[in-house]
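Coordinates in review
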Amino acid sequence: MVYCCCSNKLPSTAIINFQGYSSLPIGRSHSNKALHYLLLSSSHSPHFLPLSDKLQTLSSGCKFASLSLRSNKKSIYAETGRQGWDVGKFLKTVYFFNAPPSPAKLFEFLVGKLSNSTSNEPVKEMATSDIILVVGATGGVGRRVVDVLRRKGLPVRILVRNKEKARKMFGPDIDLVVGDITKESTLVPEYFKGVKKVINAVSVIVGPKEGDTPDRQKYSQGIKFFEPEIKGDSPEMVEYNGMKNLINSLEKGVGHRNGKLIFGFQDSISKELAWGELDDVVMGGVSESKFLIDHCGNEYGGPTGLFKGVVSTKNNGGFTSIRTRNFSIPEDLSAYDGLELRIKGDGRRYKLIVRISPEWDTVGYTAIFDTVKDQWQSIQLPFSSLRPIFRAKTVFEAPPFDPSTIVSLQAGFYLMYSKFEFDGKLNPTFEEGPFDLPISTIKSYLKDPITPRFVHVGSAGVTRPDRPGLDLSKQPPAVRLNKELDYILTFKLKGEDLIRESGIPYTIVRPCALTEEPAGADLIFEQGDNITGKISREEVARICVAALESPYACDKTFEVKSVIPFSEPFTVDPENPPPEKDYDICFKTLKDGITGKEVAYQSPVSV
């Protein structure tokens, strides 16, 4: 081991022995040349050659004592204790990773980890974007959704086809992107950056054959029957292909209820990473670790990763860790709330370090977690709890953690000679000797309770066109004329099924006939696709926004209508409007898995 004078307790002399070379005494004035010669003489010298000059940065700040090279030795020894240092492992470690640092930076990085300075300054919580995207924002329901969100002060972005119409409707300050869900090429990935939730109010356009009145009375009321026809793109293009394009564009941003697998073995899915050891051998220690796959080691008898080794404090060492090579494409986990590890604990404390920069010697966003001995457990580490650490110190001015640019992971088992974790804190589970940590999976997760990420405005009646024994004379025009309207309800149902199959937490709202009446009437929520009636567009918009925040609405499909019959217009007194509804009362009654394809009839729920 080469000693720096960073500590006054270190010996003033050291003997370096390298296999195959005779003894070469070197004084302090020649120490740079000796180290340079040593590295060039190794089997890896072609790789070291461009870096050799950088070593002088390290050596110029340290006082090297008398050095000599002795022949026929396999290891480099520190005179104190005579413990061996594995040069081959050192070189292997450095060159395993994609972009190895200069040895000077590597030594400086690792020596810095022994710092025990303290700080009581609080760490700021890392914030992430939480934009709500409204698709179909200029339609009857969509524009009201935007108004509700803006009144609540929530961050809104709208996806529209007609920019001028949208600017005129919402003003110049709206966050607006232009695209058409029927044309996948127009859905630019940048449009969805920062989007966590979506309300989709896009619908195929249906209008009366003979045209509407100047003030769109036929469109607005939804009461009197007019012979309808499809205007514009077909139901297949809008309701099915458009839905497929939208889901594909959103998938990375809004997240899946079961998270995203980063490493491990889950059900029939497996994903492996290139892990390498980063032990205290790089600073002269003798600890060692490895990472391997145990093909029958998980809790169900299947494969698992295994991080194992032996930790020693000899030669001023005392840590082992494994680290992935930099990902070729950074992981975008901005849709999620943190990382979850499924492990079998050994009662010790570990670190997980997440890096968002490809640089070697840079801030690592760090979390510490404790394990329970001989017990499989799921450890959730919220992104908001990650602490920016550099050389064992918190970096309070570090940029916020960005989960969209994760470039590597480092699972660190640090049993340091100084017994410090970071900022001078002790590791209470400090213990030398062997360890092993089975790691079944590392994945992202959505925090509980999970709320909908995708709220879709569908239509009542989508399961009825082919329902046997149905009295069509009592059904809405779309049910009776499904075939004539290019199978509008058939494709609406197919679009719904795409949402349910996507893995995205969702709510599907199926309103009955839409009107321009004000919100405020009592409502009936039902599942099973049986009811007919009317409901105001304003009410539907409020239901959609409320669903975004309700775990009771998650993964539910339901129909909704007003208790007011078609024959009675609904009005409110502007001076005495009805109170805001608590829609959670309705959402709590809903059940999973009911779409209207079932035989069982579900009783309506009145509010």
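Note that the structure is a prediction, hence the values are computed from the model and not measured. (Residues numbered from 1 in each chain as written. Predicted model: local features only at pLDDT ≥ 70, side-chain atom pairs only at ≥ 80, totals over all residues. Heavy atoms only, no water.)

Quick word on the overall build of the protein chain
In terms of helices and strands, the protein chain carries 13 helices and 29 strands. Burial status across the protein chain gives 54% buried among its 607 residues. Nonlocal contacts in the protein chain, meaning residues at least 24 apart in sequence, comprise 76% of its contacts between residues at least 6 apart. Carbon together with sulfur atoms contributes 51% to the accessible area of the protein chain, which is approximately 28100 Å² in total. (Helix = DSSP H or I, 4+ residues; strand = E, 2+ residues; numbered from the N terminus. Buried < 20%, exposed > 50% of the residue type's maximum accessible area, 1.4 Å probe, protein only. Contact = heavy atoms within 4.5 Å. Areas by Shrake-Rupley, 256 points an atom, 1.4 Å probe, with all protein chains shown as cover.)

Quick look at unusual backbone geometry
Note the cis peptide between Asp448 and Pro449, where omega equals -5°. If you trace the backbone, Pro449 turns up in the loop between β22 (433-445) and β23 (454-457). Backbone geometry at Tyr487 places phi at a positive 60°, although glycine is not the residue there. Within the secondary structure, Tyr487 sits in the loop between α10 (477-480) and α11 (488-502). Residue Tyr487 is classed as partly exposed on the basis of its relative accessible area, which comes to 38%.

Observations concerning the environment of Lys597
Inspection of the secondary structure puts Lys597 in the loop between α13 (584-587) and β29 (605-606). Separated by 133 residues in sequence, Lys597 and Arg464 place their C-alpha atoms 8.7 Å apart. If near-sequence neighbours (up to four positions away) are discounted, Lys597 is found in contact with Thr463, Leu493 and Asp497. Looking at Lys597, its side chain comes within polar contact range of the side chain of Asp497, at 3.1 Å. (Polar contact = N/O pair within 3.5 Å; in protein donor to acceptor, adjacent residues only side chain to side chain.)

Some remarks on the pattern of salt bridges
Inspection of the entire model under this criterion finds 27 salt bridges. For Arg500, the salt bridge goes to Glu496, with nearest N and O atoms at 3.1 Å. Highlighted residues: Arg500 and Glu496, both in helix α11, separated by four residues, approximately one helical turn. By the burial criterion, Arg500 is buried, and Glu496 matches it. A single salt-bridge network, built from bridges that share partners, covers Glu496, Asp497, Arg500, Arg510, Glu559 and Lys597. (Salt bridge = Lys/Arg side-chain N within 4 Å of Asp/Glu carboxyl O.)

Comments concerning the packing of aromatic side chains
In this structure the tally under the stated criterion is 11 aromatic pairs. With centroids separated by 5.9 Å and ring planes inclined at 90°, the aromatic side chains of Phe263 and Trp275 adopt a geometry described as edge-to-face. You can see Phe263 sitting in strand β9 (residues 261-266) and its partner Trp275 sitting in strand β11 (residues 275-277), a full 12 residues away along the chain. Of the two residues, Phe263 and Trp275, neither departs from the other in class, the shared state being buried. Ring geometry for Phe525 against Phe587: centres 6.1 Å apart, planes inclined by 75°, an arrangement best described as edge-to-face. (Phe/Tyr/Trp six-rings, centres within 6.5 Å; stacked < 30°, edge-to-face > 60°.)

Considerations on the packing of helix α9 (residues 235-254) against α11
Relative orientation of the contacting elements α9 and α11 amounts to 15°, with a least axis distance of 7 Å. When the axis of α9 is compared with that of α11, the two are roughly parallel. When you trace α9 past α11, the crossing you get is right-handed. From α9, Pro235, Glu236, Glu239, Tyr240, Met243, Lys244, Ile247 and Glu251 reach across to α11, where they touch Ile488, Phe491, Lys492, Lys494, Gly495, Leu498, Ile499 and Ser502. (Axes fitted to C-alpha atoms, helices over the stretch in contact; angles between N-to-C directions. Parallel < 35°, antiparallel > 145°, perpendicular 65-115°, else oblique. Left-handed = near helix turned anticlockwise from the far one by under 90°.)

Let's talk about the side chain of Asp497
Of note, Asp497 is situated in helix α11. There is a polar contact of 2.9 Å between the side chain of Asp497 and the side chain of Arg500.

Quick look at the pairing of strand β5 (residues 175-178)
Two elements, strand β4 (residues 156-160) and β5, share four bridges in a ladder whose sense is parallel. Note that in β5 the partner of Arg157 across the bridge is Asp175. Considered for its hand, the β-α-β crossover made up of β4, helix α7 (residues 163-170) and β5 is right-handed. (Pairing = 2+ DSSP bridges. Right-handed = clockwise from strand over helix to strand, strands pointing away.)

Some points on the packing of helix α6 (residues 142-151) against helix α12 (residues 537-548)
Packing of α6 against α12 brings their axes to within 8 Å, and their N-to-C directions diverge by 50°. Regarding the angle of α6 to α12, the classification is oblique. Our pair here, α6 against α12, has a crossing hand that is right-handed. Mapping the contact onto sequence places Arg144, Val145, Val148, Leu149 and Arg151 in α6 and Arg537, Glu538, Ala541, Arg542 and Val545 in α12. For the contact of α6 with α12, a count of residues per class yields five nonpolar, no polar and five charged. (Nonpolar A, V, L, I, M, F, W, Y, C, P; charged D, E, K, R; others polar.)

What to know about the confidence of the model for the protein chain
In the predicted model, the protein chain carries a mean pLDDT of 79, and 72% of its residues have values of at least 70. Contacts for the low-pLDDT stretch residues 123-128, under 50 throughout, to residues beyond four places or in other chains number 16 contacts. Confidence drops under pLDDT 50 across residues 600-607; counting only partners more than four residues distant or on other chains, this segment forms 19 contacts. (pLDDT = per-residue confidence, 0-100.)

Notes on α12
Along its 12 residues, α12 runs 17 Å from first to last C-alpha, staying within 8% of the 16 Å computed at 1.5 Å per residue. Burial analysis of α12 places 10 of its 12 residues in the buried class, which makes it a mostly covered element. Among all positions in α12, only Arg537, Glu538, Glu539, Val540, Ala541, Ile543, Cys544, Val545, Ala547 and Leu548 are buried. (Expected span 1.5 Å × (residues − 1).)

A look at α11
Its 15 residues place the ends of α11 22 Å apart at the C-alpha level, agreeing with the 21 Å of an ideal helix rising 1.5 Å per residue. A large share of α11 lies buried, amounting to 12 of its 15 residues. Every buried residue of α11 is listed here: Ile488, Leu489, Phe491, Lys492, Leu493, Gly495, Glu496, Asp497, Leu498, Ile499, Arg500 and Ser502. A positive backbone phi angle near 85° is found at Gly503, which sits one or two residues after α11.

Describing the environment of Leu339
Along the chain, Leu339 falls in strand β15 (residues 338-344). When the C-alpha atoms of Leu339 and Ile262 are compared, they prove to be 9.2 Å apart, with 77 residues separating the residues in sequence. With near-sequence residues (within four places) excluded, Leu339 lies in contact with Ile262, Leu333, Leu352, Val354, Ile379, Gln380, Leu381, Phe383, Leu409, Lys443, Ser444 and Tyr445.

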